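Structural overview
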Amino acid sequence: MKTLKTSLSKKDVLSIADLSAREINSILTLAGKLKREHKSGNARPLLRGKTLGMIFQKPSTRTRVSFEVGMYQLGGEAMYLSASDIQLSRGETIQDTAKTLSLYLDCIMARVYDHKDVQTLADYASIPVINGLSDEFHPCQILADLLTMQEHKKKLKGLSLTWLGDGDNVCNDLMLGCAKTGVSMTVACPKGYEPLEEAVRLARTEGKKTGADIVITEDPTAAAKDADIVVTDTFVSIGKEGERATREATFLPKYQVNSDIMRLAKKDAIFMHCLPAKRGMEVTADVIDGKSSVVWPEAENRLHVQKALLCLIMKAI
Ligand code: CP
Ligand code: NVA
């Protein structure tokens, strides 16, 4: 296993844009290996003596628990730092926080509102910084999604994925992850809810190299046709609660993943969702709890890909 190649002294992962196709592939391969080792009782303490600090401005279930358990399984420690409990809440700057934490920790994972906050942390920390979700990107989720797709479809290149709903943080990074691994992605969303223009542009450039098409449309029916994978996310991301009524009226019923949508996809199509999900909103219960849903393996894979990412950026492998 090669270490992540970087010209810098440390590797920050703030978006899938920070990872080359080769690096993504290394992470997925190592994740598969660590998963098998863990399940067969042969886990190695690759991060013994290392400490991860986890700053959270927003709530989390999966990200917090999978990073904490992941560090524990690798023989290291993880420390939960609620942004409201540390001096950040009293006005200490992100710059000074980054410099201080770099004196004690080996790696920082941060979940923030404004993407600039995690960028500033990375700029001022001398240790690697991982984005555990910002308003714009969610790279760890996408690594788990790619591993899940690979496990269920036995390949990535040549697959076709359809995203229905909000062109949000998960969608932005999923486009980049798909484009870099040769998965064509169609995003069906209402006007005004498209993914970031910059992410679309970058994904299209990457897609040219791998043969992946990146399409943005308002038509969910055309988008779902013959898809290998159908994906959605909440219509109301953290921080958008004030827009709930407008969003629900805009997205429903047209952009809901239901059995009619799944019937348009391939017979063996899988359904993915990063969770948490709202049944009856972005997805119906029969789909998320049905045969084509892989949301639980997808959630489990957060643990395995993050362990691989931590090992690679802390140069334990
Ligand atoms: N998918 C995900 O990131 O879940 P949490 O918000 O629970 O961490
Ligand atoms: N788009 C969602 C993802 C949650 C994991 C949010 O930002 O709330």
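Okay, so let's go over this structure. (Residues numbered from 1 in each chain as written. Chains lettered and ligands numbered in written order. Predicted model: local features only at pLDDT ≥ 70, side-chain atom pairs only at ≥ 80, totals over all residues. Heavy atoms only, no water.)

Let's shift gears to the packing of aromatic side chains. Taken as a whole, this structure holds 4 aromatic pairs when the rule is applied. Taking 4.6 Å as the distance between ring centres and 5° as the angle between the ring planes, the aromatic pair formed by phenylalanine 235 and phenylalanine 251 counts as stacked. Placement of phenylalanine 235 in the loop between strand E8 (229-232) and helix H9 (244-251) and of phenylalanine 251 in helix H9 is noted, with a sequence separation of 16 residues between them. By relative accessible area, which is 2% here, phenylalanine 235 ends up buried. Grouping aromatic residues by their ring pairs yields a cluster made of Tyr193, Phe235, Phe251 and Tyr255. (Phe/Tyr/Trp six-rings, centres within 6.5 Å; stacked < 30°, edge-to-face > 60°. Helix = DSSP H or I, 4+ residues; strand = E, 2+ residues; numbered from the N terminus. Buried < 20%, exposed > 50% of the residue type's maximum accessible area, 1.4 Å probe, protein only.)

What follows deals with the environment of threonine 63. With respect to the element layout, threonine 63 can be found in helix H2 (residues 62-73). Separated by 228 residues in sequence, threonine 63 and lysine 291 have C-alpha atoms that sit 25 Å apart. Among residues more than four places away in sequence, those in contact with threonine 63 are Phe56, Met109, Arg111, Gly132, His138, Arg302 and Gln306. (Contact = heavy atoms within 4.5 Å.)

This brings us to the pattern of salt bridges. Under the definition given, this model contains 17 salt bridges. Between glutamate 218 and lysine 191 there is a salt bridge, with its nearest N and O atoms 3.0 Å apart. Residue glutamate 218 is found in the loop between strand E7 (214-217) and helix H8 (220-224), and its partner lysine 191 is found in the loop between strand E6 (184-188) and helix H7 (197-210); the two are separated by 27 residues along the sequence. According to the relative accessible area criterion, lysine 191 is exposed, its value standing at 60%. Across the pair aspartate 226 and lysine 225 runs a salt bridge, and its minimum N-O distance is 3.6 Å. Bridged by salt links that share partners, the residues Asp166, Glu243 and Arg247 form one connected network. (Salt bridge = Lys/Arg side-chain N within 4 Å of Asp/Glu carboxyl O.)

Moving on: the site of ligand 1. Every residue near ligand 1 is listed here: Ser60, Thr61, Arg62, Thr63, Arg111, His138, Gln141, Cys274, Leu275 and Arg302. Threonine 61 has a polar backbone atom sitting 2.7 Å from an oxygen atom of ligand 1. A distance of 2.9 Å is found between a nitrogen atom of ligand 1 and a backbone nitrogen or oxygen belonging to leucine 275. Protein burial of ligand 1: of its 260 Å² of free accessible surface, 94% is covered by the chains. Taken together, the residues of the shell around ligand 1 sort by class into 2 nonpolar, 5 polar and 3 charged. (Near = heavy atom within 4 Å. Polar contact = N/O pair within 3.5 Å; in protein donor to acceptor, adjacent residues only side chain to side chain. Areas by Shrake-Rupley, 256 points an atom, 1.4 Å probe, with all protein chains shown as cover. Nonpolar A, V, L, I, M, F, W, Y, C, P; charged D, E, K, R; others polar.)

Taken together, Leu133, Asp168, Asn169, Asp233, Thr234, Ser237, Ile238, Cys274 and Leu275 make up the full set of residues near ligand 2. In the environment of ligand 2, a nitrogen atom lies 2.8 Å from a nitrogen or oxygen atom belonging to the side chain of asparagine 169. Aspartate 233 is positioned such that a nitrogen or oxygen atom in its side chain is 2.7 Å from a nitrogen atom of ligand 2. Within the complex, 94% of the 270 Å² of free accessible area of ligand 2 lies under protein. Looking at side-chain class alone, the shell around ligand 2 contains 4 nonpolar, 3 polar and 2 charged residues.

Right, let's get into the sheet that holds strand E3 (residues 107-111). Read from one edge of the open sheet, 4 strands run E2-E1-E3-E4, paired in parallel fashion. Each of the sheet's edge strands pairs with one partner strand only, and the pair in question is strand E2 (77-82) and strand E4 (129-131). Strand-to-strand, the axes of this sheet are offset by a mean angle of 20°, without reference to chain direction. With 3 bridges joining them, E3 and E4 adopt parallel strand pairing. Residue isoleucine 108 lies in a different strand from E4, and its bridge partner there is valine 129. Contacting strand E1 (51-56), E3 and E4, helix H12 (residues 295-313) runs over the sheet at an angle of about 155° to E4. (Pairing = 2+ DSSP bridges. Axes fitted to C-alpha atoms, helices over the stretch in contact; angles between N-to-C directions.)

With 12 residues, H2 extends 16 Å between its outermost C-alpha atoms, agreeing within 8% with the 16 Å of an ideal straight helix rising 1.5 Å per residue. Turning to H2, its buried residues number three or more, namely Thr63, Ser66, Phe67, Gly70, Met71 and Gln73. An end-on view of H2 places all buried positions within 160° of arc, on one side of the element. Downstream of H2 by a residue or two, glycine 75 has a phi angle that is positive, lying close to 85°. (Expected span 1.5 Å × (residues − 1). Arc of directions from axis to C-beta.)

A word on the nonpolar core. Counting 62 residues, the largest nonpolar core has Leu52, Ile130, Leu161, Met185 and Leu310 as its most contacted members. Sequence-distant contacts of methionine 185, defined by excluding residues within four places in its chain, comprise Leu161, Trp163, Cys171, Leu174, Met175, Cys178, Asp213, Ile214 and Val215. Among the nonpolar cores identified, the runner-up in size contains 24 residues, and Phe235, Ala269, Phe271 and Val287 belong to it. (Core = buried A, V, L, I, M, F, W, Y, C linked by side-chain atoms within 4.5 Å.)

What follows deals with the pairing of E6. E6 sits mainly inside the fold: 5 of its 5 residues count as buried. Here E6 shows two buried faces, one formed by Ser184, Thr186 and Ala188 and the other by Met185 and Val187. Handedness of the crossover joining strand E5 (residues 160-164) and E6 through helix H6 (residues 169-181): right-handed. Looking at chain direction, E6 and E7 are connected through 4 bridges and run parallel. Bridge pairing in E7 links valine 187 to isoleucine 216. In the classification by handedness, the crossover that spans E6, the intervening H7 and the parallel E7 is right-handed. (Right-handed = clockwise from strand over helix to strand, strands pointing away.)

Take it as geometry only, folks, not as evidence of what the structure does.
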